[in-house]
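One letter stands for each residue in the lines below.
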Amino acid sequence: GQQLAGMVLGFVVWVILAQMLPIESFGEFNAAFAVATMAGTLASLGLAQYVTLPFRKALASGHFEFARGLRRMAPRCILIASLLTYGVVFVAHLIIDHVSMIEAASFAAALSMLPLIALITYLVGAANSHGAPGRAMFLSVPGLQILLLLGLGVAFLIRGYHFDLIDAAVVWSSAMAI
């Protein structure tokens, strides 16, 4: 049920975003968001899948030292990897900027979501390993879509029809940070 609700809400979010942005900006945002999502997979370092085993062992054995250390270090590693990935992907974009439909400033704004995408992936994996998959799924799918809808509504009230790609990136980043 939560996954279906998240998909429907996600569709509604993208339709509203398509209505709010000029067509060129929507295309730019969509392309940059896709790159950020793919780069987020790299930047998460696979930790969302890795944490399951140490956390489950800690719950079973009662020895939480390694799991606590992992819980503290994993987000730092993800942030460092995100910054490195951001640098590599952005420099690569600048190199091919002459053939890309995405402007450098727009790409940088959308790519700023990279650490948040990677952290959400890790946090959902950590929550799943702690036995809270329902809450983790709600926060990462329908919960995020609800925050995006609220953010787009607030942005429309503030900016009206002068909504642009940077505004969209701010709404997305704010929703993911919450």
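Now for a look at the structure at hand. This structure is a prediction, so every number in the text was calculated from the model and none was measured. (Residues numbered from 1 in each chain as written. Predicted model: local features only at pLDDT ≥ 70, side-chain atom pairs only at ≥ 80, totals over all residues. Heavy atoms only, no water.)

## A few points about the packing of aromatic side chains
What characterises a pair of aromatic rings is the spacing of the ring centres plus the angle enclosed by the ring planes. Here is the rule: Only Phe, Tyr and Trp rings take part, Trp by its six-membered ring, and two of them pair if their centres are within 6.5 Å. Stacked means planes under 30 degrees apart, edge-to-face means over 60, and tilted covers everything else. Strands here mean DSSP runs of E at least two residues long; helices mean DSSP runs of H or I at least four residues long; both are numbered from the N terminus. For every residue, the accessible area obtained with a 1.4 Å probe (protein chains only) is divided by the maximum for its type, and the residue is called buried under 20%, exposed over 50%, and partly exposed between those limits.
Inspection of the entire model under this criterion finds 4 aromatic pairs. Taking the centre distance of 6.0 Å and the plane angle of 75 degrees together, the rings of W14 and F26 count as edge-to-face. Taken together, the residues span a long stretch of sequence, with W14 in helix α1 (residues 2-20) and F26 in helix α2 (residues 23-43) at a distance of 12 residues. Ring centres of F29 and F33 lie 5.9 Å apart, and the angle between their planes is 20 degrees; on these two criteria the pair is classed as stacked. With F29 and F33 both in helix α2 and 4 residues apart, this pair spans about one turn of that helix. Here F29 and F33 have matching classes, each one buried. Connected via pairs of aromatic rings, a cluster forms that spans W14, F26, F29 and F33.

## Remarks on the nonpolar core
Selection criterion: What makes a nonpolar core is a set of buried Ala, Val, Leu, Ile, Met, Phe, Trp, Tyr and Cys residues whose side-chain atoms join them at distances within 4.5 Å. In this description, contact between two residues means that some pair of their heavy atoms is separated by no more than 4.5 Å.
The biggest cluster of nonpolar side chains holds 46 residues, and the ones touching the most others in it are L17, F29, M113, Y122, F163 and W172. Elements represented by at least two residues in this core include exactly α1, α2, α4 (52-61), α5 (65-95), α6 (104-111), α7 (114-129), α9 (142-159) and α10 (165-177). Discounting chain neighbours no more than four positions away, the residues touching L17 are F26, F29, L152, F163, A168 and W172.

## Overview of the packing of α6 against α10
Selection criterion: Inter-axis angles, ranging from 0 to 180 degrees, are taken between N-to-C directions of lines fitted to C-alpha atoms, where helices are fitted over the stretch in contact. Roughly parallel refers to an angle under 35 degrees, roughly antiparallel to one over 145, roughly perpendicular to one between 65 and 115, and oblique to any angle outside these ranges. For this scheme, ten residues count as nonpolar: Ala, Val, Leu, Ile, Met, Phe, Trp, Tyr, Cys and Pro. Four count as charged, namely Asp, Glu, Lys and Arg, and the remainder, Gly too, count as polar.
For the pair α6 and α10, the least separation of the axes is 9 Å and the interaxial angle reads 10 degrees. Put simply, α6 runs roughly parallel to α10. Taking contact as the criterion, the partners of A105, S106, A109 and A110 in α6 are, on α10, L165, I166 and A169. The residue inventory of the contact of α6 with α10, partitioned by class, reads 6 nonpolar, 1 polar and no charged.

## Side note on the pattern of salt bridges
As a reminder, the rule being used: Each salt bridge in this description consists of a side-chain nitrogen of Lys or Arg and a carboxyl oxygen of Asp or Glu lying within 4 Å of one another.
In the structure shown here, the tally under the stated rule is 1 salt bridge. R159 is paired through a salt bridge with D167; the nearest N and O atoms lie 2.8 Å apart. For R159, a relative accessible area of 34% corresponds to the partly exposed category. Given the relative accessible area of 16%, D167 is considered buried.

## Things to note about the packing of α2 against α10
Selection criterion: Helix crossings get a hand from a simple test, with the near helix turned counterclockwise from the far one by less than a right angle marking a left-handed crossing and a clockwise turn marking a right-handed one.
Two elements in contact, α2 and α10, have axes whose closest approach is 9 Å; the angle formed by their N-to-C orientations is 40 degrees. On the basis of their axis angle, the class for α2 and α10 is oblique. By crossing handedness, the relation of α2 to α10 is classed as right-handed. Contacts between α2 and α10 involve S25, E28, F29 and F33 from the former and L165, A168, A169 and W172 from the latter.

## Observations regarding α4
Spelled out, the test is: Here the arc refers to the set of directions running from the helix axis out to each C-beta atom.
When we look at burial in α4, the residues that qualify are P54, F55 and A58. The buried residues of α4 occupy an angular sector of 95 degrees when projected down its axis, which confines them to one face. Exposed residues on α4 whose side chains face more than 90 degrees from its buried face are L53, K57 and A60. Looking one or two residues beyond α4, the residue adopting positive phi is G62, at roughly 85 degrees.

So yeah, pure geometry; function would need other evidence.
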